[in-house]
Each structure stands twice: as structure tokens, then as C-alpha cells.
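# Fold and geometry: a report
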Amino acid sequence: MTHALPLPDFTHERVEVITGRRSGLFIAAALHSSVLGPALGGARVWTYPHWSDALGDALRLSAAMTLKNAAAGLDAGGGKAVIGLPPGTVLDAERRRAAFLDLGDAVESLGGLYRTAEDVGSTTDDMLTVSERTAHVVGLPDRVGGSGEPAGPTSIGVHASLLATLERATGSREVAGRRVTIAGLGQVGSRLAVQLAAEGAELTVTDVNPAKRELATSLGATWIEPAEAHLASADVFVPAGIGGVLTDEVIDALDAQAVCGPANNPLAHRSGADRLAARGILYAPDFVVNAGGVIYLDLAAKQRDRSEIATRVEGIGDVLRCIFDEADARGVTPLAAAESLAAERLAAGAARDALV
């Protein structure tokens, strides 16, 4: 499901928008900020009602990547790419390859200011195709010496964040017996569900793909329809699909003590953070929670030691605890505290010129 989301302020350094000469598809590569270094962010493949919706998604997601990379302490700016599919489009192998070759050309045109990677709808094999047209791509398959799929590190960071959120919302990090609703069983949501089930959580799960019921059955989880997921009574609601699910109406009906999940931009409006707080629902900011993948990709590309990378990813929970503490001390929402953390780092980086 695609949700209409507001456009961010246009503060982007550069946006490359093309019609792929091979695929004929809309492709956008958005560079939001290079203040902290060359931008890093994935390439999303999704169906949009209109090309302008795809462009809007690229603008929102790239701006969110600036916050994510800054808050994670990376020397990386924010960027994102989107391959927009018209409604009803199904990519066969030939056109899919053509689309990612076209994406490679768009990334190359930015001259190293933006590094792409896999994201929703794309794979490490797609990134291998991109690498035929540009060197500015990370997360290539393991079999060619790349860092591989980042969903594992992302899920590790989400799990660490969930423990921190549980601790703040309930007074205990103990997962056993806790009610967790996971809305979205993609690569990250599925991994998280498997881990939480093994730890004794009482899971309610859903996905727009009904075939995911099989996973729910295998885990002993309760299946719920996507439109009703927020109504299930839970200690933590985990948005793990596409953004914009937390509309005002959903927030008002949400039956959970806390929200903590990997979905990018889950709030339909920024004011949703205040709305959650007014209802006494703890919100863990998405761009902090889901940073494990980008931490892994950035540091692996820089050939950092795997133990260092693991420590950084697992440390996301500690970062979130500090954000909760700061929010309490200042009397603001965790979202405002997380944005301040990112802004401080960006302000320090702005002492040097952006790379554009």
C-alpha cells in the first residue's frame, strides 16, 4: 500500500531525474546533503500512481537518510534513488536489468557524490548490474567479494532498539511474554519475527502479501489483516513496511504502549510524534532504529573490522536510550531529540563545505 505523504522542504543539493534510455522508466537519484561526506542510501523499486509520487518519495527518503547517517555518526551524507513503476507494471528479467543499468548511469552522473545500495524492491544482484555502469555502489553480493545483504544488520539494530524501547515503556528488557505486533514481513520484519518468537514474545503479524501467513503459522504467531494491525493490543507496535502508516486516525486508535520499527517515514505527518506523546505512546524515531544496515554498508565499504561494525550496530540501542533521556530532560518528543542529535553533527560538519 502506498500512502500519500507531504513533500519535504526542498533543501536538496542536487536531484537527477531521467527517463531510462533502456527501460523507459522514471528514475530519480536525489542527493540531499554531502556535508558529512558522499551520500549513501538505497535504491527503491516501487509502484506509484504518478511519476511525481516517485519523485516525492525520493526527496523524502533522501532527506531522511541525511538524518539517519548523521545520527548514526557516519561520515556520509544523505541520498536515495527511486525507480518508479507505473501501476500494473511487472518487470521481466530483461527490463529489470535495463532499469538497473539506467540507474547506474544516473548514479554515475553525480560524480561520486551519491553511493547507492539495495533497498525495498531491489537486491544485491541488482546492485551488481548497477556496478556495470558505476563504481559508486555498495552492498554487492558475497560471491563477488561484496558486503552482501544489509537486512541482517538492520534487524539486529531494530532488535537492540526494541529492547531499549521495552525497557523505557515497561520497565524491563525482557521479551518473553511481551505482546509485539509486526506490520510487514519483508526481509527485516521476518528476521525480527523469527528472533522475537524464539525469545518467547507473543506475536501478532501481518503483511500485504498473504503468502506470509505461512511464516506466521510456523512461528505460532497470530495473523491479522493489514488494515487492522494497529488495533491489536500490544506492548510494542512495529511498523516494518512502507512509510506513512501512522496517520492521525491510526494513531488515535493505536492500542500499544510504544512504536519501534524499521519502516522509513512511518509518520504520515511530523505532528504524529506529538500526537503519540499526547496519548502516552513512546515513539522510537525510525531513522535511529533502522540505521543498522547503513552503518554496516558504510563501514564495510571502508573495510572496517567486522567486530567494530557489530559493536556499532548493537550500540543503536544505547543511542536510543540517550535520545529518550534527552527527550525527558528537555520535555520534547524523542523525534525532536533525535533530530537535534543529527542537527548538531550536521552543524559541525557544515564548518567545511559540502562536496557539491
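In the nomenclature of an unreviewed UniProt entry, the protein chain is known as Glu/Leu/Phe/Val dehydrogenase dimerization domain-containing protein of Microbacterium plantarum. Per its UniProt entry, the protein chain bears the Sequence similarities (unreviewed entry) comment "Belongs to the Glu/Leu/Phe/Val dehydrogenases family."

A tally of regular secondary structure across the protein chain gives 13 helices and twelve strands. Relative to the compact-globule value of 21 Å for 356 residues, the protein chain shows a C-alpha radius of gyration of 19 Å, a close match. Principal axes of the C-alpha set define a box for the protein chain whose edges measure 50 × 50 × 40 Å. Within the span of the protein chain, comprising 356 residues, buried residues form 55% of the whole. Sequence separation of 24 or more characterises 66% of the internal contacts of the protein chain that already satisfy a separation of 6 or more. Summing over all exposed atoms, the protein chain offers an accessible surface of approximately 14400 Å²; the carbon and sulfur share of this is 52%. Counting 31 positive and 44 negative side-chain charges, the protein chain places the averaged centre of each group 3 Å from the other.

Taken across its ten residues, helix 10 (residues 292-301) has nine buried, putting it largely inside the fold. Among the residues of helix 10, those classed as buried are G292, G293, V294, I295, Y296, L297, D298, L299 and A300. Each element contacted by the buried residues of helix 10 is listed here: strand 3 (39-40), helix 1 (51-71), strand 6 (114-115), helix 4 (151-170), helix 11 (306-314) and helix 12 (316-330). At the C-terminal side of helix 10, Q303 shows a positive phi close to 60°.

It is worth spelling out the nonpolar core at this point. It is characteristic of soluble globular proteins that their nonpolar side chains tend to be buried jointly. By size, the foremost hydrophobic cluster in this structure holds 77 residues, and its most contacted members are I182, L196 and L203. Every residue in contact with L203, bar those within four places of it in the chain, is listed here: V180, I182, A193, L196, A197, A221 and T222. Formed by 23 residues, the second largest nonpolar core is a distinct cluster that contains A106, M127, V137 and L140.

Attention shifts here to the sheet that holds strand 11 (residues 256-259). Hydrogen bonding along the main chain pairs the strands of a sheet, whether they run parallel or antiparallel. Spatially, the six strands line up as an open sheet ordered 9-8-7-10-11-12, and their pairing is parallel. The open sheet has two edge strands with one neighbour each: strand 9 (222-223) and strand 12 (282-283). This element, helix 5 (residues 187-198), spans strand 7 (179-183), strand 8 (202-206) and strand 10 (234-239) of the sheet and lies at about 165° to strand 7.

The terminal C-alpha atoms of helix 4, which comprises 20 residues, lie 27 Å apart, in line with the 28 Å expected from a rise of 1.5 Å per residue. The buried count for helix 4 comes to 15 of 20 residues, which makes it a mostly enclosed element. Directly after helix 4, the chain includes G171, whose backbone phi takes a positive value near 90°.

The element strand 5 (residues 77-85) is largely enclosed, with a buried count of nine among its nine residues. Neither face of strand 5 is exposed, since G77, G79, A81, I83 and L85 on one face and G78, K80, V82 and G84 on the opposite face are all buried. Examined bridge by bridge, strand 2 (residues 26-33) and strand 5 share seven bridges and lie antiparallel to one another. The residue bridging A29 from the neighbouring strand is A81, located in strand 5. The pairing of strand 3 with strand 5 spans two bridges and is classified as parallel. The residue bridging L40 from the neighbouring strand is G78, located in strand 5. Where strand 4 (residues 43-47) meets strand 5, five bridges bridge the pair, whose relative direction is parallel. Bridge pairing in strand 5 links T47 to L85.

Following the sequence through the fold, Q187 ends up in helix 5. Measuring from C-alpha to C-alpha, the distance between Q187 and V236 comes to 19 Å, with 49 residues separating the pair along the chain. With residues up to four places along the chain from it excluded, the contact list for Q187 reads E149 and A151.

Counting across every chain of the model gives zero disulfides. The thiol sulfur of C322 is not disulfide-bonded, and the nearest other cysteine sulfur, from C260, lies at 15 Å. On the basis of relative accessibility, which here comes to 52%, the residue C322 falls in the exposed class.

So, about the packing of helix 10 against helix 11. Running from N to C, helix 10 and helix 11 point in directions that differ by 155°, and their axes come no closer than 9 Å. Relative to helix 11, the element helix 10 lies roughly antiparallel. Handedness of the crossing formed by helix 10 with helix 11: right-handed. For the pair formed by helix 10 and helix 11, the contact residues are G292, I295, Y296, L299 and A300 on the first element and R306, I309, R312 and V313 on the second.

Basis of the calculations
- Residues numbered from 1 in each chain as written.
- Predicted model: local features only at pLDDT ≥ 70, side-chain atom pairs only at ≥ 80, totals over all residues.
- Heavy atoms only, no water.
- UniProt positions renumbered as here; feature names shortened; annotations may be inferred.
- Helix = DSSP H or I, 4+ residues; strand = E, 2+ residues; numbered from the N terminus.
- Rg over C-alpha atoms; globule rule 2.2 N^0.38 Å.
- Buried < 20%, exposed > 50% of the residue type's maximum accessible area, 1.4 Å probe, protein only.
- Contact = heavy atoms within 4.5 Å.
- Areas by Shrake-Rupley, 256 points an atom, 1.4 Å probe, with all protein chains shown as cover.
- Lys, Arg positive; Asp, Glu negative; His and termini not counted.
- Charge placed at Lys NZ, Arg CZ, Asp CG, Glu CD.
- Core = buried A, V, L, I, M, F, W, Y, C linked by side-chain atoms within 4.5 Å.
- Pairing = 2+ DSSP bridges.
- Axes fitted to C-alpha atoms, helices over the stretch in contact; angles between N-to-C directions.
- Expected span 1.5 Å × (residues − 1).
- Disulfide = S-S within 2.5 Å.
- Parallel < 35°, antiparallel > 145°, perpendicular 65-115°, else oblique.
- Left-handed = near helix turned anticlockwise from the far one by under 90°.

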